[in-house]
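Summary of structural features
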Amino acid sequence: MNNKHDILIFLSDQHRGDFIHYAGNPVIRTPNLDRIAADGTVFTSAYSPCPLCVPARTSLLSGQLAMHTEVYTNHGAIRSDNATFLHSLGAEGYETVLCGRMHFEGPDQRHGFSKRIFGDLLQLYPGQEDAYNELKYYRPTISENGCSKIYGGGDHSPTLDYDRLVINAALDYLNEEHEKPQCIVVGVYAPHFPFVGPTDLYEYYLDILEKNDKKDPVFDYDLGILNPRQQVYERSQVLRMRAAYYAMVENLDMQIGKVKKAFDEYEKRRGASGIFIYTSDHGESLGDRNMYAKKTLFDNAARVPLVINGDGIKKGQIVSSPVSIMDIGPTLCDMENCMKAPDLDAYSLKDELENGNNPSRVVFSECMEKKGEQFVPGIMVRKGDYKLIWYYGHEDEMLLFNLKDDKKETHNLISVEPDILEDLMSEAKRIWNPEHIIKIHENRLAHIQILMKWGKSVHPVETERWHIPASSLAMPEKV
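Definitions and limits used
- Residues numbered from 1 in each chain as written.
- Predicted model: local features only at pLDDT ≥ 70, side-chain atom pairs only at ≥ 80, totals over all residues.
- Heavy atoms only, no water.
- Helix = DSSP H or I, 4+ residues; strand = E, 2+ residues; numbered from the N terminus.
- Rg over C-alpha atoms; globule rule 2.2 N^0.38 Å.
- Buried < 20%, exposed > 50% of the residue type's maximum accessible area, 1.4 Å probe, protein only.
- Contact = heavy atoms within 4.5 Å.
- Areas by Shrake-Rupley, 256 points an atom, 1.4 Å probe, with all protein chains shown as cover.
- Lys, Arg positive; Asp, Glu negative; His and termini not counted.
- Charge placed at Lys NZ, Arg CZ, Asp CG, Glu CD.
- Salt bridge = Lys/Arg side-chain N within 4 Å of Asp/Glu carboxyl O.
- Pairing = 2+ DSSP bridges.
- Axes fitted to C-alpha atoms, helices over the stretch in contact; angles between N-to-C directions.
- Core = buried A, V, L, I, M, F, W, Y, C linked by side-chain atoms within 4.5 Å.
- Polar contact = N/O pair within 3.5 Å; in protein donor to acceptor, adjacent residues only side chain to side chain.
- Parallel < 35°, antiparallel > 145°, perpendicular 65-115°, else oblique.
- Left-handed = near helix turned anticlockwise from the far one by under 90°.
- Nonpolar A, V, L, I, M, F, W, Y, C, P; charged D, E, K, R; others polar.

1. Here we look at the overall build of the protein chain
Counting secondary structure elements, the protein chain contains 13 helices and 17 strands. What you see for the protein chain is a C-alpha radius of gyration of 21 Å, in line with the 23 Å of a compact globule of 479 residues. Summarising its shape, the C-alpha atoms of the protein chain cover approximately 60 × 50 × 50 Å along the three principal directions. Burial status across the protein chain gives 62% buried among its 479 residues. For the protein chain, the share of sequence-separated contacts (at least 6 apart) that also reach a separation of at least 24 residues comes to 73%. Accessible surface for the protein chain amounts to roughly 19100 Å². Of this, 51% is attributable to carbon and sulfur atoms. The positive charge centre, built from 53 side chains, and the negative charge centre, built from 70, are 2 Å apart in the protein chain.

Right, dumping it as structure tokens:
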């Protein structure tokens, strides 16, 4: 077993890929992530397979897109007889440890984890309302429609307090000695709203944003099916929500630094060198195009950080070709000579880690919208510098961007790049059957409806959930 790397995956929630200093953001302070990136390999075009919590995490663990997991909403789960990369590692002698958030729903809270050392923040079963009731007046703030209800600077919030405890549990575990090789996933809730950041950091960023306020980029297309998602606020509100998000990201960076240091010290005590990975499940729109939260295929919601650092990983390498966070599992299986699950949509990043960019790689991300009573599947295709966004039945609203020249996705090239459009559409058609997806989604929702009613009726005990204390519901000190 001694030839196995220890592995630590730090998984945040809702961290967009351009809110890191090393990614070119001049305002955000992320010295720990910058240091980890400089000492490892950075993937600057890493995407969520589905920019929504549960579908993204289901795909991350299973290595399959939502079209195959059948999970397009925050109610759903990997089937318990489906292997995840955690099963693969466990089969080779790993202790697979979950510390904190993974957003599993249902009686199977493991899916390959051999133990859990800290519970989740929200509900563990469909229909179970206790966690939401404990949030009280904070409840609306965890959704896109209510994120503006509470924002500002403060020392306490459900997110801040939960993450402190998760980090403490991770540090305690890393201070212990363990016989087996470890694969530890540390899951925090930040920088997911409520938009409340530590007061000193919030005031620091608010001052910068107010002094250097610039108009948001103007885009030359209609949002089409996404128009109802727009929310218009006073500019002062937008800047305050953004300042809180900045503060949460810097606070997250501090926590990543603590965990990385403890992991390095753990490896030093063992005389070994492990693998450290940082990523997030999806991004955050943060007012861009007057939208908030996730569940869009624009880069602010779909693109995330991905850094791999450790033994055998090239230092200072930047990979700009597109990848998916689903690729983490197959990559680790290759590194540790583990069996891989069949029918994967994900690919190992072994070649990219060794040789850099892969110009032939195509990456997909999916989502599900609804127009009236009709479900509308959407797909993103990223290939080279180009990216297509396509909602089924809304072909007149398709968007095509050249991300090399237009990082903010402001200019739709549909009418001027017909060959690129045809190529990316053919890539989508190769894997995408939207009519079938609608059918399986409707079937899955029928199951979920029964499960939610069951959860409300049976009220199963949630032994692996953190119960939110009143002290975590303090209002921000600075707004």
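From this point, the narrative continues.
2. Let's talk about the pattern of salt bridges
Scanning the entire structure with this criterion turns up 40 salt bridges. Where Arg444 meets Glu70, a salt bridge forms, and the shortest distance between an N and an O atom there is 3.6 Å. Of this pair, Arg444 sits in helix H13 (residues 434–458) while Glu70 sits in the loop between helix H3 (66–69) and helix H4 (85–91), placing them 374 residues apart in sequence. Salt-bridge contacts for Arg465 lead to Glu134; the nearest nitrogen and oxygen are separated by 3.1 Å. Of this pair, Arg465 sits in the segment after H13 while Glu134 sits in helix H5 (residues 130–135); the two residues are 331 residues apart in sequence, bridging distant segments of the chain. Summarising the burial analysis for this pair, Arg465 and Glu134 share the class buried. By sharing partners, the salt bridges in this structure join Asp13, Arg57, Arg101, Arg110, Arg116, Asp120, Asp281 and Glu464 into a single network.

3. Brief notes about the sheet that holds strand S7 (residues 182–191)
Here we have eight strands laid out as an open sheet, ordered S5-S4-S7-S1-S9-S11-S2-S12, and mixed in their pairing. A strand with exactly one partner marks an edge of an open sheet, and here the two such strands are strand S5 (115–118) and strand S12 (317–319). Strand-to-strand twist across the sheet, computed as the mean angle between neighbouring axes with direction ignored, equals 15°. Most of the contacts of helix H6 (residues 158–174) go to S7, to which it runs at about 165°, and overall it touches strand S1 (7–13), strand S4 (95–100), S5 and S7. On top of the sheet, helix H8 (residues 235–270) reaches S1, S7, strand S9 (275–280) and strand S11 (306–310); it is set at about 170° to S1, its chief contact.

4. A short note on the nonpolar core
If you look at the biggest cluster of nonpolar residues, it comprises 43 residues, and the most contacted ones within it are Leu8, Phe10, Leu174, Val186, Ile256, Val259 and Phe276. Elements that contribute at least two residues to this core include exactly S1, helix H1 (31–38), S4, H5, H6, S7, H8 and S9. Looking at this core, the element that brings in the most residues is H6, giving nine residues. Beyond its immediate chain neighbours, meaning those up to four positions away, Leu174 contacts Leu8, Ile184, Val259, Ala262, Phe263, Tyr266 and Arg269. In this structure, Ile7, Ala46, Leu60 and Cys183 belong to the second largest nonpolar core, which totals 33 residues.

5. Describing the environment of Asp130
Along the polypeptide, Asp130 turns up in helix H5. Distance from Asp130 to Ile256, taken between C-alpha atoms, is 30 Å for residues 126 residues apart in sequence. Each residue touching Asp130, except ones within four places of it in the same chain, is listed here: His459, Glu462 and Arg465. Within the structure, the side chain of Asp130 is placed 2.9 Å from the side chain of His459, a separation counted as a polar contact.

6. Re the packing of helix H7 (residues 199–211) against H8
Helix-helix packing is characterised by the crossing angle of the two axes and by the distance between the axes. Interaxial distance between H7 and H8 falls to 8 Å at its minimum, and their mutual angle equals 130°. Relative to H8, the element H7 is oriented oblique. Considering only the axes of H7 and H8, their crossing is right-handed. Residues Leu201, Tyr202, Tyr205, Leu206, Leu209 and Glu210 of H7 form the contact with H8, whose own contacting residues are Leu239, Arg240, Arg242, Ala243, Ala244, Tyr246, Ala247, Glu250, Asn251 and Met254. Split by residue class, the contact of H7 with H8 holds eleven nonpolar, one polar and four charged.

7. Quick notes on the pairing of strand S16 (residues 386–391)
Here is the key point about a regular strand: its side chains alternate between the two faces of the sheet. Within S16, six of the six residues are buried, which leaves the element mostly enclosed by the surrounding structure. By the alternation rule, side chains of S16 split into Tyr386, Leu388 and Trp390 and Lys387, Ile389 and Tyr391, which are all buried. Adjacent in sequence and paired antiparallel, strand S15 (residues 374–383) and S16 are bridged by two residues, among which Gly384 carries a positive phi angle near 60°. Across four bridges, the pairing between S16 and strand S17 (residues 399–402) is antiparallel.

8. Details of the environment of Asp345
Mapped onto the elements of the fold, Asp345 is located in the loop between helix H10 (328–335) and helix H11 (350–355). Taking the C-alpha atoms as reference points, Asp345 and Pro49, 296 residues apart in sequence, are found 9.9 Å from one another. If we skip the residues at most four places from it in the chain, Asp345 touches Gly63, Gln64, Leu65, His68 and Met326. Looking at Asp345, its side chain comes within polar contact range of the main-chain nitrogen of Leu65, at 2.7 Å.

9. Let's talk about the packing of H1 against H8
Between H1 and H8, whose axes approach to 7 Å, the crossing angle comes to 50°. When the interaxial angle is binned, H1 and H8 end up oblique. Residues Pro31, Asn32, Leu33 and Ile36 of H1 lie in contact with H8, whose contacting residues are Asp253, Met254, Ile256, Gly257 and Lys260. Of the residues contributing to the contact of H1 with H8, the split by class is five nonpolar, two polar and two charged.

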